[in-house]
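Residues per chain, in single letters:
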Amino acid sequence: MSTLKLVAACLPLLMAGCATVSTPPRVIELPADKAAAIQQAQQAAAPKQKVFKRKVAIGRFTNETRYGKTFLRDGDADPLGKQASDMLSTRLVDSDQFVVFERPDIAKLEREAAISGPTKLVGVDTLILGSVTEFGRTVQGQTGFLSQTKIQIARAKVELRLVNAKTGQVFFSATGAGSATTETGSVAGYGSQSDYDDSLNDRAIGAAISEVQNSLIQKLKEKPWRTDILSTQGNSVFISGAARQGIQVGDTLAIYRKGKVITSAQSGFDIELPASLVAKIQVASQFGDNETNEGSEATLTSGSMPNATADLFVGEVK
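Presented here is an overview of the structure given in this document. As the structure is a prediction and not an experimental result, all values here were calculated from the model.

**Focus on the side chain of threonine 62**
For threonine 62, the position within the fold is in strand β1 (residues 54-63). A residue is classified by how much of its surface remains accessible, and threonine 62, at 19% relative accessible area, is buried. Polar contacts involving the side chain of threonine 62 include one to the side chain of arginine 60, which spans 3.3 Å.

**A look at the sheet that holds strand β7 (residues 226-227)**
Taken in spatial order, the 7 strands line up as β7-β15-β10-β13-β14-β9-β8 in an open sheet, and their pairing is antiparallel. Both edges of this open sheet fall to β7 and β8 (229-233), since each of them pairs with a single strand only. The pairing of β7 with strand β15 (residues 312-316) spans 2 bridges and is classified as antiparallel. Looking at β15, one finds that threonine 227 is bridged to valine 314.

**Topic: the pairing of strand β14 (residues 295-303)**
Looking at chain direction, strand β9 (residues 236-240) and β14 are connected through 5 bridges and run antiparallel. Along β14, the bridge assignment pairs phenylalanine 238 with glutamate 297. Where strand β13 (residues 276-287) and β14 come together, 8 bridges link them in antiparallel fashion. Within the sheet, the bridge partner assigned to glutamine 282 lies in β14 and is threonine 299.

**Details of the side chain of aspartate 251**
Of note, aspartate 251 is situated in the loop between β9 and β10 (252-257). Within the local environment of aspartate 251, its side chain forms a polar contact with the backbone nitrogen of glutamine 248, the two atoms lying 2.8 Å apart. If near-sequence neighbours (up to four positions away) are discounted, aspartate 251 is found in contact with Lys50, Gly246, Ile281, Gln282 and Val283.

**Notes on the pattern of salt bridges**
A complete count under the given rule lists 5 salt bridges for this structure. Residue arginine 257 is joined to aspartate 311 by a salt bridge in which the shortest nitrogen-to-oxygen separation is 3.0 Å. Of this pair, arginine 257 sits in strand β10 while aspartate 311 sits in the loop between β14 and β15; the two residues are 54 residues apart in sequence, bridging distant segments of the chain. We classify arginine 257 as partly exposed; its relative accessible area is 30%. Taking the relative accessible area as the measure of exposure, aspartate 311 reaches 31% and is therefore partly exposed.

**A few points about helix α5 (residues 199-220)**
Its 22 residues give α5 an end-to-end C-alpha distance of 31 Å, which sits within 8% of 32 Å, the value for a rise of 1.5 Å per residue. The largest bend along α5 reaches roughly 30° and is located at glutamine 213. Those residues of α5 not exposed but buried are Leu200, Asn201, Ala204, Ile205, Gly206, Ala208, Ile209, Val212, Gln213, Leu216, Ile217 and Leu220.

**Regarding the packing of aromatic side chains**
According to the stated counting rule, one finds 2 aromatic pairs in the structure shown. The aromatic ring of phenylalanine 313 is capped on one face by arginine 226, whose charged end is 3.7 Å from the ring centroid. The aromatic ring of tyrosine 256 is capped on one face by lysine 318, whose charged end is 5.2 Å from the ring centroid.

**Observations concerning the nonpolar core**
Phe61, Leu88, Leu92, Ile128, Ile205 and Leu216 are the most contacted members of the largest nonpolar core, which totals 28 residues. Apart from the residues within four sequence positions on either side, leucine 216 is in contact with Leu88, Leu92, Ile128, Leu160, Leu162 and Phe172. The next biggest cluster of nonpolar side chains, apart from the first, holds 16 residues, and it includes Trp225, Ile255, Ala279 and Ala298.

Cut-offs and rules
Residues numbered from 1 in each chain as written. Predicted model: local features only at pLDDT ≥ 70, side-chain atom pairs only at ≥ 80, totals over all residues. Heavy atoms only, no water. Helix = DSSP H or I, 4+ residues; strand = E, 2+ residues; numbered from the N terminus. Buried < 20%, exposed > 50% of the residue type's maximum accessible area, 1.4 Å probe, protein only. Polar contact = N/O pair within 3.5 Å; in protein donor to acceptor, adjacent residues only side chain to side chain. Pairing = 2+ DSSP bridges. Contact = heavy atoms within 4.5 Å. Salt bridge = Lys/Arg side-chain N within 4 Å of Asp/Glu carboxyl O. Expected span 1.5 Å × (residues − 1). Bend = angle between axes of the 7 residues up to and from the residue. Phe/Tyr/Trp six-rings, centres within 6.5 Å; stacked < 30°, edge-to-face > 60°. Lys NZ or Arg CZ within 6 Å of the ring centre and 35° of its normal. Core = buried A, V, L, I, M, F, W, Y, C linked by side-chain atoms within 4.5 Å.

Set out below in structure tokens:
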């Protein structure tokens, strides 16, 4: 056998012998202390800024369009308005910026409380009132010599108002519009066919809610972050809120005394005068496992704590 033929015959064996061996996957071990691992994960997911989670409830969401009126079955039952209300409630919960309370079905909660025993219903800071003000569907199409297209379009518009639950003042309003389409076509009788698409209604309302929710969330987040004092023990101060409000161990916070509240003769509203600095604290540890029961323990670093804390609150250092 010639040298050239010998090399050609051995070449596949040489290439197989030179095959690259893949590096075995690395095994990443969690820290030995499981509690520490959980705390690290919570801190990584915590907001980078202080977040005041307003307590909100959707007080009313109605259908002001002609669509769906003929389908009303139970007096005030409103499928379109209920759908929009449920969508907005879900989006607010998913944003992790608010504590959302149930109001449209509060009668059901009260009936359940009568069975299970006394319960405590919590008041909210802001009521959200809204309505579906526009809703409609159109069908467009084009027909050629051998081709045909059909486009179904659904459009919706929702309007929201934010109402101060204590005064009844409407302090913000926003409008959101959305649409959804589906297109089918055929050539020489071949292609997709489409009946009435019910999902377009859902998608159009969802798009309108998505547009308005961004403005809504930004407005609700404008209120400066502050929290309250739960208790004091010597130089230790226990405050409401922890990682889910953006409070981290080591943070320096300020304790303020509320300014005097004076009723304006011009507007009729109560106006709170600027607060005064009382002390500074540093967060030492945290407790609680959800947004409704979490808190932080802080140590007094400057100033002094008065015996009465009813007119005090905690805020960021200015």
